[in-house]
Amino acid sequence: APAQVLQGKKVTITAGPTREALDPVRYLSNHSSGKMGFALATAAARAGAEVTLIAGPVRLATPAGVARVDVISTNDMLAAVERAADDCDLFIAAAAVADFRPAVVASQKIKKQDGNDSDVLRLVKNPDIVATIAARQVKRPFVVGFAAETEKVSEHAAGKLQRKNLDMIIANDVSDPQSGFNSDHNQVTIIDKNGELPLPAALKTELAAELVTRIAERAFP
Ligand code: C5P
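Since this is a predicted model, take the numbers as computed values, not measurements. (Residues numbered from 1 in each chain as written. Predicted model: local features only at pLDDT ≥ 70, side-chain atom pairs only at ≥ 80, totals over all residues.)

Peer 1: Before we go on, may I ask you to explain the UniProt feature "binding site: CTP" (unreviewed entry) in the protein chain in this structure?
Peer 2: According to UniProt, the feature "binding site: CTP" (unreviewed entry) maps to D99, K109, P127, D128, I129, V130, F146, K160 and K164 in the numbering used here. Maximum C-alpha separation among the annotated residues is 37.4 Å over a sequence range of 66 residues, too wide for a single clustered spot. The topology assignment puts K164 in the loop between α4 (153-163) and β10 (168-173). Not counting the four nearest positions on each side in its chain, K164 is found in contact with D128, V130, A131, A134 and G145. (UniProt positions renumbered as here; feature names shortened; annotations may be inferred. Helix = DSSP H or I, 4+ residues; strand = E, 2+ residues; numbered from the N terminus. Contact = placed C-beta atoms within 7 Å.)

Peer 1: What exactly am I supposed to notice about the environment of Q137 here?
Peer 2: Inspection of the secondary structure puts Q137 in the loop between α3 (129-134) and β9 (142-149). Using a count of 5 C-beta atoms within 10 Å as the deciding quantity, one classes Q137 as exposed. Sequence separation between Q137 and D23 is 114 residues; the distance between their C-alpha atoms is 37 Å. (Buried ≥ 20, exposed ≤ 12 C-beta atoms within 10 Å, placed from the backbone.)

Peer 1: Before we go on, may I ask you to explain the sheet that holds β9 in this structure?
Peer 2: By way of backbone hydrogen bonds, the strands of a sheet pair with one another, either parallel or antiparallel. Read across the open sheet, the eight strands follow the order β5-β4-β1-β6-β9-β10-β12-β13; overall the sheet is mixed. In this open sheet, the two edge strands, each paired with only one partner strand, are β5 (67-70) and β13 (195-198). For this sheet the average axis-to-axis angle between neighbouring strands, irrespective of direction, equals 20°. Sheet topology places strand β12 (residues 188-192) next to β13; four bridges connect them, and they run antiparallel. Bridging from a neighbouring strand, D192 pairs with G195 of β13. (Pairing = 2+ DSSP bridges. Axes fitted to C-alpha atoms, helices over the stretch in contact; angles between N-to-C directions.)

Peer 1: Can you walk me through the site of the ligand in this structure?
Peer 2: Around the ligand sit 14 residues, and of these A93, V97, I129, V130 and G145 come closest. Among the secondary structure elements, those contributing two or more residues to the shell around the ligand are α3 and β9. Among the elements that line the shell around the ligand, the one with the most residues is β9, at three residues. For the shell around the ligand, the per-class residue count stands at seven nonpolar, four polar and three charged. (Near = placed C-beta within 6 Å. Nonpolar A, V, L, I, M, F, W, Y, C, P; charged D, E, K, R; others polar.)

Peer 1: For this particular structure, what's the right way to read the pairing of β10?
Peer 2: Two faces belong to every sheet, and in a regular strand the side chains alternate between them. With six of its six residues buried, β10 lies for the most part within the structure. Alternating positions in β10 separate into two faces, M168, I170 and N172 on one and I169, A171 and D173 on the other, with burial throughout. Where β9 and β10 come together, six bridges link them in parallel fashion. Within β10, the residue paired with A147 across the bridge is A171. The handedness of the β9 to β10 crossover, carried by α4, is right-handed. Both β10 and β12 contribute to a ladder of four bridges, which runs antiparallel. Paired with I170 across the bridge in β12 is I190. (Right-handed = clockwise from strand over helix to strand, strands pointing away.)

Peer 1: I would appreciate a short explanation of α4 in the present structure.
Peer 2: Regarding α4, the residues found buried are V153, A157 and L161. In a view along the axis of α4, the buried residues occupy a sector of 65°, so they form one face of it. Summarising the geometry of α4, the exposed residues directed more than 90 degrees from the buried face are E155, Q162 and R163. Summarising the contacts, the buried residues of α4 are in contact with β9, β10 and β12. In the stretch just after α4, N165 is the one whose phi turns positive, near 60°. (Arc of directions from axis to C-beta.)

Peer 1: Help me understand the pairing of strand β4 (residues 50-55) in this model?
Peer 2: Along β4, five of the six residues are buried, which leaves the element largely enclosed by surrounding structure. Pairing analysis gives six bridges linking strand β1 (residues 10-15) to β4, with the strands arranged parallel. Within the sheet, the bridge partner assigned to T14 lies in β4 and is I54. Where β4 lies against β5, four bridges are found, and the strand directions are parallel.

Right, dumping it as structure tokens:
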């Protein structure tokens, strides 16, 4: 067994995409596989944590010893995270949350002959889950976010660290086909107030164990 660096700690992790209904048969979502979040949940549980994994719609098995909460929409994910965060030492936001949702969810299937063909979708902004938890004055866990970027990776990630008041952000370049969405591999840089630490490219499962060690060092010194 790996070192029990999260022994006695309660850890909440989000994973996968969120999905926003347009009507009873359609939705907006993204290509997140949930692999990184599930790998982190596995690694955290192996390191002794009591893990709550809040998962969007993904086709992945629940890791051993992990309590899983399945959600669909961003608002549902936020509600589940708010509940879990009330009794939590560490929150890792690995979900690829839909930034917008349809302003109205049609109760019947939207028809082509409605006459508004070029202007069917009105969107509203979703809440930022990780920023909501990081803004807490009480019951605030150590908060770790992810930043998937296609350019100026460290610059954009460092901006998010600040704006969202995170304790740490894990940045990756999703324009690299060898890492990011759907891949089994990833290459990330850990950024916090002390600076940047690039980690070597690795399998997401191996990387998750490394990240858990690094996060635990900073969260529970
Ligand atoms: O701003 P951006 O979406 O790139 O930020 C990514 C980080 O913020 C990830 O940790 C993601 O899980 C989190 N996030 C969130 N709620 C949102 C959008 C992003 O928790 N609505």
